[in-house]
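Listed below are the residues making up each chain.
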Amino acid sequence: MTIMDINVGTVHPSTHGVLRLLVDVDGDTIKKVEPHIGFLHRGVEKLMETRMYMQNQSYTEKLDYVAPLCWDDLYVSAVEQALGIAVKERAQYLRVILLEFQRVASHLLWLGTFANDNGQFFTMYMWAFRERAKILKLMQDVSGGRMFYLNLRLGGFKSNIPEDFRRRAYELTDYLEEKILGYPDLLDENPVFMERTKGVGILTQSSAIGHGVSGPVLRASGVEEDTRKTSPYYVYGKMKFVVPTGFHGDAFDRYRVRYEEMLQSIRVIRQALDGMPETGDLLGLPIKLIGPVAKPDTVIVQRELPRGEGLIYMIPDKQKPYRISLRSPAFINLAALPEMAEGQKFADLFPILGSLDIILGELDR
Amino acid sequence: MKTLKERKSAGYDYLKKITAVDYATHLEVVYIIYNTTTHAQEVVKAKLPAERPSIDTAIGVYRAADWYEREMSEMFGIRIKGRAAKRLLLEEWNGVGAPLKKDFTWGKEDYDKVL
């Protein structure tokens, strides 16, 4: 028996960003995995201490470039809480709609690349990107930006929405539902995809809680934990949706959980569109370089991001945060990779890594 | 650490985050813990002196503490007692001290030291 070291990375197609894995293998079996991170570390937390509140918005957006609006919302909510600003009712509905569209777009990008890695070459990828492009087009018409929106302001939004937004959003949900319901034909009945993901990278319920993983990874291990349900924000308390959970905690369950989440998101979007008032003020406070004075309390805000639970712990100061600490869900999900991968075959490392859906920009901060 | 053990036996089985705050006169370590059955959240704080700060490891209580402690120790220069020293997590190639402390400064000439 000889142990061999294999260096994976720093660039691999199945990672978003730069990640290096040092893998010890015995023949084809993984003995040990050591993730080396920090290649994209740019000291965001320190940078944010030196900028005014609303200047920081662009930093939080760039953390997770697949779902920028979700991080933007998390940060803006933390500032809103620090300043005691209430979000306008119509803006709450619109935020829920856009956040859920963003979640679907993020899961679609993940699904396309994950299927591409695991035996469903390119068809799934092209389909997922076709649907994602339609979502991004709608988001672009609302905010002006295709990838980075920066349209949240304290208490509301930067600008009003287009007049035909509601009609287009309804049409888009119908389109998405129709298309997404067709995906299992390509995946759940694909023997290669099933073989590569079923029973691979199992994380039991107790070790998932112990490792502190969150989001779809935690739910796939059978823990029904979703911030939108447990501590509802905006109008999520009024929405009817279920939190999908898995049973085995393997890569296939993580795919199923994300897949069901997309359908649930569409359900939430429809309810929010029904409930959103036709007219009403959407606009938030304009950006001023000298921001408003915050009350010096501790602020803890958590939001359900597509990758798991994001949390901001902030000590506000007068015009900028004194200390801001970001909980990145991808960071702690990757910390559980060694346990999932040990004892598996080397080729299974990529389904496992892919099923965690990490974004290195957010992970390294 | 004793408090954390007590809270864990009281049902707080999930560690959400470990972080620290530098108040110049002292440091504060913050543990955010969570109960997955009752969905209750708690914050446990520990005060450390500014000079040679150190704290016991929480790995024995929460496995999730591993990477959080490494990150905190690297960013604030806090020594974690009771666990083996490991390589730096985020600044593996060019550690620069304790960047998130308030007295940390970084100028143009400092780049030459690490690059």
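Cut-offs used in this document
- Residues numbered from 1 in each chain as written.
- Chains lettered and ligands numbered in written order.
- Predicted model: local features only at pLDDT ≥ 70, side-chain atom pairs only at ≥ 80, totals over all residues.
- Helix = DSSP H or I, 4+ residues; strand = E, 2+ residues; numbered from the N terminus.
- Contact = placed C-beta atoms within 7 Å.
- Buried ≥ 20, exposed ≤ 12 C-beta atoms within 10 Å, placed from the backbone.
- Nonpolar A, V, L, I, M, F, W, Y, C, P; charged D, E, K, R; others polar.
- Axes fitted to C-alpha atoms, helices over the stretch in contact; angles between N-to-C directions.
- Parallel < 35°, antiparallel > 145°, perpendicular 65-115°, else oblique.
- Left-handed = near helix turned anticlockwise from the far one by under 90°.
- Pairing = 2+ DSSP bridges.
- pLDDT = per-residue confidence, 0-100.
- Core = buried A, V, L, I, M, F, W, Y, C linked by C-beta atoms within 7 Å.
- Expected span 1.5 Å × (residues − 1).
- Arc of directions from axis to C-beta.

Peer 1: Help me out: how do you make sense of the overall build of chain B in this one?
Peer 2: Helix and strand counts for chain B come out as three helices and five strands. The N-to-C order of helical and strand elements in chain B reads α-β-β-β-β-α-β-α. For the C-alpha atoms alone, the extent of chain B along its principal axes is close to 50 × 30 × 25 Å. Counting contacts in chain B only where the partners sit at least 6 residues apart, residues at least 24 apart contribute 44% of the total.

Peer 1: Can you help me understand unusual backbone geometry in this one?
Peer 2: Only a minority of non-glycine residues have a phi that is not negative, and only a minority of peptide bonds are not trans. The phi angle at D357 of chain A is positive, at roughly 55 degrees, despite the residue not being glycine. With respect to the helices, strands and loops of the structure, D357 of chain A is situated in the loop between α15 (349-356) and α16 (360-364). One non-glycine residue, R52 of chain B, lies in the positive phi region at around 40 degrees. One can find R52 of chain B in the loop between β3 (41-49) and β4 (54-56). A tally of 9 C-beta atoms within 10 Å means that R52 of chain B is categorised as exposed.

Peer 1: Hey, could you run me through the interface of chain B and chain A in this one?
Peer 2: Interface size, as often reported, equals the accessible area lost upon joining of the parts. Chain B puts 22 residues into the contact, and the matching count from chain A is 24 residues. Each residue belonging to the side of chain B that touches chain A can be placed in one class, and the counts come to twelve nonpolar, three polar and seven charged.

Peer 1: Even after reading the chapter, I still don't get the packing of helix α6 (residues 165-180) of chain A against helix α12 (residues 251-275) of chain A, so can you show me in this structure?
Peer 2: Packed helix pairs are specified by the crossing angle of their axes together with the interaxial distance, meaning the distance between the axes. Residue and element names in this part refer to chain A. Contact geometry of α6 with α12 gives a least axis separation of 10 Å together with a crossing angle of 160 degrees. Judged by the angle between their axes, α6 and α12 are roughly antiparallel. Of the two possible hands of crossing, α6 and α12 adopt the one that is left-handed. When α6 is examined against α12, the residues R166, A169, Y170, T173, L176, E177 and I180 are found in contact with a partner set consisting of M262, L263, I266, I269, R270 and L273. Tallied by class, residues from the contact of α6 with α12 come to nine nonpolar, one polar and three charged.

Peer 1: What am I meant to see in the sheet that holds strand β2 (residues 20-26) of chain A here?
Peer 2: Whenever strands of a sheet pair, they do so through backbone hydrogen bonds, lying parallel or antiparallel. All names here are of chain A. Reading across the sheet, the three strands line up as β1-β2-β3 and stay open at both edges, with antiparallel pairing between neighbours. In the strand order of this sheet, the two ends are held by β1 (3-8) and β3 (29-36), each with one partner. Neighbour to neighbour, the strand axes of the sheet diverge by 20 degrees on average, direction disregarded. Taken together, the seven bridges between β2 and β3 define a ladder with antiparallel strand orientation. Among the inter-strand pairings, L21 is bridged to a residue of β3, identified as P35.

Peer 1: Is there a simple way to explain the environment of K318 of chain A in this structure?
Peer 2: All names here are of chain A. Here K318 is to be found in the loop between β7 (308-316) and β8 (321-327). Given 12 C-beta atoms within 10 Å, K318 falls into the exposed group. Sequence separation between K318 and Y53 is 265 residues, and the spatial gap between their C-alpha atoms is 9.5 Å.

Peer 1: Would you take a moment to explain the packing of helix α3 (residues 68-83) of chain A against helix α4 (residues 89-117) of chain A for this structure?
Peer 2: Residues and elements named next belong to chain A. α4 packs onto α3 with a crossing angle of 140 degrees between their chain directions and a minimal axis gap of 8 Å. As the angle between them shows, α3 and α4 are arranged oblique. Two secondary-structure elements touch here, α3 through L69, C70 and D73 and α4 through R95, L98, L99 and Q102. Counted by class, the contact of α3 with α4 contains four nonpolar, one polar and two charged residues.

Peer 1: Please clarify how the pairing of β7 of chain A should be interpreted in this entry.
Peer 2: A regular strand places its side chains so that they alternate between the two faces of the sheet. Residues and elements named next belong to chain A. When you tally the buried positions in β7, you get nine out of nine residues, the bulk of the element. Looking at chain direction, strand β6 (residues 299-305) and β7 are connected through seven bridges and run antiparallel. Across the sheet, residue E304 finds its bridge partner in β7, namely E309. Where β6 folds back onto β7 in an antiparallel hairpin, the turn is made up of two residues. Bridge count for β7 against β8 is six bridges, and the pairing is antiparallel.

Peer 1: Sorry if this is basic, but what is going on with the confidence of the model for chain B here?
Peer 2: Do not read the fine detail of predicted coordinates wherever pLDDT is low. Residue-level pLDDT values for chain B average 82, and 93% of them are 70 or greater. Complex prediction metrics read pTM 0.88 and ipTM 0.85.

Peer 1: Hey, could you run me through the nonpolar core in this one?
Peer 2: Counting residues in each nonpolar core, the largest one holds 134 residues, and the members touching the most others are A78, I97, I312 and L337 of chain A. If near-sequence neighbours (up to four positions away) are discounted, I97 of chain A is found in contact with A169, I269, A272 and L273 of chain A.

Peer 1: Mind showing me how you'd approach the environment of A98 of chain B here?
Peer 2: Position of A98 of chain B among the secondary structure elements: in the loop between β5 (79-81) and α3 (110-114). On a C-alpha basis, the gap between A98 of chain B and M72 of chain B in space is 9.3 Å, while along the polypeptide they are 26 residues apart.

Peer 1: Quick question: what am I supposed to make of α4 of chain A here?
Peer 2: Residue pairs spaced three or four apart in an α-helix point in one direction, given the helix's 3.6 residues per turn. Residue and element names in this part refer to chain A. Given a rise of 1.5 Å per residue, 29 residues ought to cover 42 Å, and the 42 Å separating the end C-alpha atoms of α4 matches this to within 8%. Taking burial as the measure, the 29 residues of α4 include 24 buried ones, the bulk of the element. Directly beyond the C-terminal end of α4, a positive phi value near 95 degrees is found at G119.

Peer 1: Looking at this structure, how should I read the sheet that holds β7 of chain A?
Peer 2: Residues and elements named next belong to chain A. Read from one edge of the open sheet, three strands run β6-β7-β8, paired in antiparallel fashion. A strand with exactly one partner marks an edge of an open sheet, and here the two such strands are β6 and β8. If you compare each strand with its neighbour and ignore which way they point, the axes differ by 15 degrees on average. Contacting β6 and β7, α3 runs over the sheet at an angle of about 155 degrees to β6.

Peer 1: Could you clarify how one ought to interpret helix α5 (residues 123-143) of chain A in this entry?
Peer 2: Residue and element names in this part refer to chain A. Here α5 contains 21 residues, and its C-alpha end-to-end distance of 30 Å stays within 8% of the 30 Å for a straight helix at 1.5 Å per residue. By the burial criterion, the buried members of α5 are M124, W127, A128, E131, R132, I135, M139 and V142. Angular distribution of buried residues about the axis of α5 spans 120 degrees; they occupy a single face of the element. Counted as exposed and oriented over 90 degrees from the buried face of α5: M126, R130 and A133.

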